[in-house]
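Chain and residue survey
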Amino acid sequence: DPSGYQYVWVRDNVHIAHALDLSGDAREAERTAETLMAYFLRHADRFRAIIAGRADPGNHMNRPHIRFRGETLTELRQPWPHDQNDALGYFLWFYGRLAREGRVACGPRERTCLSLFPLYFQAIAYWRDADSGHWEERPKVSASSIGTVLAGLRQYEGLLETMDLGRNAPPPALIGHLLERGRTALARILPNDAVAPPALARRCDSALLFLLYPLALPEAEDLAGGSSLEV
């Protein structure tokens, strides 16, 4: 307990679940995704408050919490940089992928919850939002975070094409707009991870590797000399 590592990080558990899935433990991967969904369902009001303008996303504690108590799926009172758009993008990417394959529950409640993610990304203007990112650092506009959200939105776009997500689902035109915003931002920043402000500019960051694998983001192919990595 003194280490703090008994808690759950959304990002880390998505990576672990993805690894389990590739190594043949599909059911454990699916259970992890479903439990993360149960957590977001329980705390969906954090998305709604920011979407509706009732909460200020500038206060990191108002944002959806990306670190929580796994035994009870409850939030922690400890102040934390919850402005980690990549963590939400990873969840949308992985859960959306499994939902498209019919491997996780995607009933009315789950579909409504998934639909909050694009609306939240619109509300915070994810393409220019300074977040703490993969390494929970001083907030900056990072290609690694923008690209992860972009990958999640692509999975959501695929869900829109294959199933009825309900009357509260964002229209395809909005998803297309959000995707274009992300692509434009990446074209401006890549191959760097951050270009502004100058004090936080970063030419290289290992978090960019995740855009190549497992996200297989076409916009990041130049980072690998033009070759795409996909599973």
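Going by the structure above, here's the rest.
Figured I'd write up the structure that's included with this text.

A short note on the packing of helix α6 (residues 143–162) against helix α7 (residues 172–189)
The interhelical angle for the contact between α6 and α7, taken along N-to-C directions, is 155 degrees, at an axis separation of 9 Å. For the element pair α6 / α7, the angle class is roughly antiparallel. Crossing hand, α6 versus α7: left-handed. On α7, the residues touching A143, I146, G147, L150, L153, R154, Y156, E157 and L160 of α6 are P172, I175, L178, L179, G182, R183, A185, L186 and I189. Its residues placed into classes, the contact of α6 with α7 shows 13 nonpolar, 2 polar and 3 charged.

Overview of the layout of surface pockets
To find leftover empty space, a probe the size of one water molecule is rolled over the atoms. Roughly 180 Å³ of internal volume is contained in the second largest pocket. Lining the second largest pocket are V8, N13, I16, L20, E28, R31, T32, T35, L36, F68, G70 and L73. Listing elements by their share of the lining of the second largest pocket, those giving two or more residues are α1 (10–22) and α2 (26–42). Among the elements that take part in the lining of the second largest pocket, α2 stands out by supplying 5 residues, more than any other. Counted by class, the lining of the second largest pocket contains 6 nonpolar, 4 polar and 2 charged residues.

What about α6?
The end-to-end C-alpha distance of α6, which contains 20 residues, comes to 29 Å, matching closely the 28 Å that a straight helix rising 1.5 Å per residue would cover. Within α6, 15 of the 20 residues are buried, which leaves it mostly tucked inside the rest of the structure.

Regarding the sheet that holds strand β1 (residues 8–9)
What the 3 strands build is an open sheet, ordered β1-β2-β3; its pairing is antiparallel. In this open sheet, the two strands that pair with only one neighbour each are β1 and β3 (74–75). Pairing of β1 with strand β2 (residues 67–69), which is carried by 2 bridges, proceeds in the antiparallel orientation. In the strand pairing of β2, W9 is matched with R67.

Let's talk about the pattern of salt bridges
It is possible for side chains of opposite charge to pair when their charged atoms get near one another. Taken as a whole and assessed by the stated rule, the structure comprises 16 salt bridges. A salt bridge links D21 to R103; the shortest N-O distance between them is 2.4 Å. In this pair, D21 sits in helix α1 while R103 sits in the loop between α4 (85–100) and α5 (108–123), placing the two residues 82 residues apart along the sequence. On the accessibility criterion, R103 (23% relative accessible area) is partly exposed. A salt bridge links E137 to R202, with the shortest nitrogen-to-oxygen separation between them at 2.9 Å. Placement of E137 in the loop between α5 and α6 and of R202 in the loop between α7 and α8 (209–212) is noted, with a sequence separation of 65 residues between them.

Section: the nonpolar core
Counting residues in each nonpolar core, the largest one holds 71 residues, and the members touching the most others are V10, F40, F91, L114, F117, F121 and Y126. When residues of this core are assigned to their parent elements, the largest contribution, 10 residues, is made by α4. Ignoring sequence-local partners within four residues, the contact set of Y126 consists of F121, I146, V149, L150, L153, L178, L179, R181 and G182.

Things to note about empty space enclosed by the protein
Applying the stated rule across the entire model yields 1 cavity of 30 Å³ or more. Contributing to the lining of the largest cavity are S132, G133, H134, W135, E137, K140, S142, S144, S145, D193 and D205. Taken together, the residues of the lining of the largest cavity break down into 1 nonpolar, 6 polar and 4 charged.

Rules used throughout
Residues numbered from 1 in each chain as written. Predicted model: local features only at pLDDT ≥ 70, side-chain atom pairs only at ≥ 80, totals over all residues. Heavy atoms only, no water. Axes fitted to C-alpha atoms, helices over the stretch in contact; angles between N-to-C directions. Helix = DSSP H or I, 4+ residues; strand = E, 2+ residues; numbered from the N terminus. Parallel < 35°, antiparallel > 145°, perpendicular 65-115°, else oblique. Left-handed = near helix turned anticlockwise from the far one by under 90°. Contact = heavy atoms within 4.5 Å. Nonpolar A, V, L, I, M, F, W, Y, C, P; charged D, E, K, R; others polar. 1 Å grid on protein atoms, 1.4 Å probe; cavity = no way out; pocket = protein on both sides within 12 Å on 5 of 7 lines; lining within 4 Å. Points joined across faces, edges and corners; volume = space filled by probe spheres on them. Expected span 1.5 Å × (residues − 1). Buried < 20%, exposed > 50% of the residue type's maximum accessible area, 1.4 Å probe, protein only. Pairing = 2+ DSSP bridges. Salt bridge = Lys/Arg side-chain N within 4 Å of Asp/Glu carboxyl O. Core = buried A, V, L, I, M, F, W, Y, C linked by side-chain atoms within 4.5 Å.

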